[in-house]
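# What the coordinates show
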Amino acid sequence: MLLFAIDDEEKALEDLCEVIGTALPDSEIVPFRRADKALQAITDSPVKPDVVFSDIRMPGMDGLELAVRIKRLSQETRIVFVTAYSRYAMDAFDVHANGYLMKPVQPEDITEQMMHLNLGYENKPEKLDVRCFGNFEVFWDGKPLAFKRRRTKELFAYLIDRNGATCTAEEVIAVLWEDESNLANAKHNVRNLVTDLRAVLKSIRQEHVLIRGSGTLAIDRDAVDCDYYRMLDGDMTAVNAYRGEYMSQYIWAQITEAELHFNI
C-alpha cells in the first residue's frame, strides 16, 4: 500500500511517518514537506497513492486545495487530513475528505481510520490467477493482465519459477540478459523492469505479491493462485492438468520442466 504523508513542519512530518509506520508496517510511506511536490509526484507517476495523510494549514498550496486537485487526478486516492485545528473540520468535508484526525495522532487512530476507508477491495478477486502449464500467462478478474513490456512479464515469470525464493539483480541478469557484458546497463534495465512490475501490480492493488528485500526480490507464493504451486503442494487436479509443457515461451524454464518430467 502506497501512502503519502504531507506536513510543512519537519518534526511533525517525522512524527506522522513514524505513527503511520507503526500502524501500517507493510506500507510504503513517501513524505513531503510541500503540497505542490506531492501533487507533482501524483501527476508524474502511473502509481497513485492509496491514501494521502495531509496537514491542512500549510504555506503556498494548503491541504484543502491539494485535496481538490488530487481528486481530479486520482479519484481512488483517499484523503485524510491531520491537523491541530478543529475549526477546519467542516472545510475538510466540503472538499470530500475521507477522514479527519487531530494532532497528536496515535497509531490506533491510523488503524481505526483505515478500517473506515473504502479502498475498493470488496469486488476484486483475492489472488492473481497465474498459469505456468503451457505458456506462462497471468489473469486478473478473468482477463489477461496487461504488461507494458515483454521483459516485465518474463521477470514476473522468473520470480514465479523461483517458488518464493529470493533472487538478486545479478541472478535476474544471468537469466534475462545472459549475453549482456555491460553490468551497469543490465542493472539499470532490471531496476526499470522492477518499477514497471510494481506499477502493473499496483494498478490492480496486488503490490503485496512482490516482496522486496535489501537487494533482493521474491514472490509471495501464498498471494497467487498458481497451477505450478498447487501441483507442488500435491493438488491432484493440478497434477492431472500438467501435459509436459511449462512456461513454453522461455528457454530458461526448461530446467524446471525437466525436473517436473522426472518427478512425476
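Here, every reference points to the structure presented above.
On to the layout of surface pockets, then. Leftover empty space is mapped by rolling, across the atoms, a probe with the size of a water molecule. Its volume calculated, the largest pocket comes out at about 770 Å³. When contributions to the lining of the largest pocket are tallied by element, the ones reaching two or more residues are strand S1 (2-6), strand S2 (28-32), helix H2 (35-44), helix H8 (183-203) and strand S10 (210-212). With 5 residues, the top contributor of residues to the lining of the largest pocket is H8. Across the lining of the largest pocket, the residue classes tally to 13 nonpolar, 4 polar and 9 charged.

This part is about the pattern of salt bridges. Any two side chains of opposite charge can pair, so long as their charged atoms come close to each other. One pass over the full model with this rule turns up 20 salt bridges. Here Lys-103 and Asp-7 are joined by a salt bridge, their closest N and O atoms 2.7 Å apart. Here Lys-103, found in the loop between strand S5 (99-102) and helix H5 (107-116), pairs with Asp-7, found in the loop between S1 and helix H1 (10-23); they are 96 residues apart in sequence, far enough to count as distant. Note that Asp-225 and Arg-230 form a salt bridge whose closest N and O atoms lie 3.0 Å from each other. Note on Asp-225: relative accessible area 34%, which makes it partly exposed. On the basis of relative accessibility, which here comes to 29%, the residue Arg-230 falls in the partly exposed class. Sharing partners across several salt bridges, the network here consists of Asp-50, Glu-76, Lys-202, Arg-205 and Glu-207.

Now for helix H3 (residues 63-73). Among all positions of H3, only Gly-63, Leu-64, Leu-66, Ala-67, Ile-70 and Lys-71 are buried. The buried residues of H3 occupy an angular sector of 155° when projected down its axis, which confines them to one face. Structurally, the start of H3 carries an N-cap: the backbone nitrogen of Leu-64 is 3.2 Å from a side-chain oxygen of Asp-62.

A word on the pairing of strand S7 (residues 137-140). Judged from the 3 bridges that link them, strand S6 (residues 128-131) and S7 form a sheet pairing that is antiparallel. Bridge pairing in S7 places Arg-131 opposite Glu-137. Counting the residues in the hairpin turn of S6 and S7 gives 5 residues, including Gly-134, whose phi is positive at 80°. Here S7 runs beside strand S8 (residues 143-144); their pairing, made up of 2 bridges, is antiparallel. Directly across from Phe-139, in S8, lies its bridge partner Pro-144. Counting the residues that bridge the hairpin from S7 to S8 gives 2 residues, and of these Asp-141 lies at a positive phi of roughly 55°.

Across the interface, helix H6 (residues 150-161) lies against helix H7 (residues 169-176) with an axial gap of 11 Å and an inter-helix angle of 115°. Crossing handedness for the pair H6 and H7: right-handed. Contacts between H6 and H7 involve Arg-151, Glu-154, Leu-155 and Tyr-158 from the former and Glu-171, Val-172, Val-175 and Leu-176 from the latter. For the contact of H6 with H7, the class distribution of residues is 5 nonpolar, no polar and 3 charged.

Read across the sheet, 5 strands follow the order S2-S1-S3-S4-S5 without closing on themselves; strand pairing throughout is parallel. With one partner strand each, in any of the chains shown, S2 and S5 form the two edges of the open sheet. Strand after strand, the sheet turns through a mean of 20° between neighbouring axes, direction not considered. Of the strand pairs in this sheet, strand S3 (residues 51-54) and strand S4 (residues 78-83) are connected by 4 bridges, and their pairing is parallel. Note that in S4 the partner of Phe-53 across the bridge is Val-80. Along the sheet, H1 contacts S1, S2, S3 and S4; its crossing angle with S1, the most-contacted strand, is approximately 155°. Those strands touched by H3 are S1, S3 and S4, and its axis lies near 175° from that of S4.

Rules of the game
Residues numbered from 1 in each chain as written. Predicted model: local features only at pLDDT ≥ 70, side-chain atom pairs only at ≥ 80, totals over all residues. Heavy atoms only, no water. 1 Å grid on protein atoms, 1.4 Å probe; cavity = no way out; pocket = protein on both sides within 12 Å on 5 of 7 lines; lining within 4 Å. Points joined across faces, edges and corners; volume = space filled by probe spheres on them. Helix = DSSP H or I, 4+ residues; strand = E, 2+ residues; numbered from the N terminus. Nonpolar A, V, L, I, M, F, W, Y, C, P; charged D, E, K, R; others polar. Salt bridge = Lys/Arg side-chain N within 4 Å of Asp/Glu carboxyl O. Buried < 20%, exposed > 50% of the residue type's maximum accessible area, 1.4 Å probe, protein only. Arc of directions from axis to C-beta. Polar contact = N/O pair within 3.5 Å; in protein donor to acceptor, adjacent residues only side chain to side chain. Pairing = 2+ DSSP bridges. Axes fitted to C-alpha atoms, helices over the stretch in contact; angles between N-to-C directions. Left-handed = near helix turned anticlockwise from the far one by under 90°. Contact = heavy atoms within 4.5 Å.

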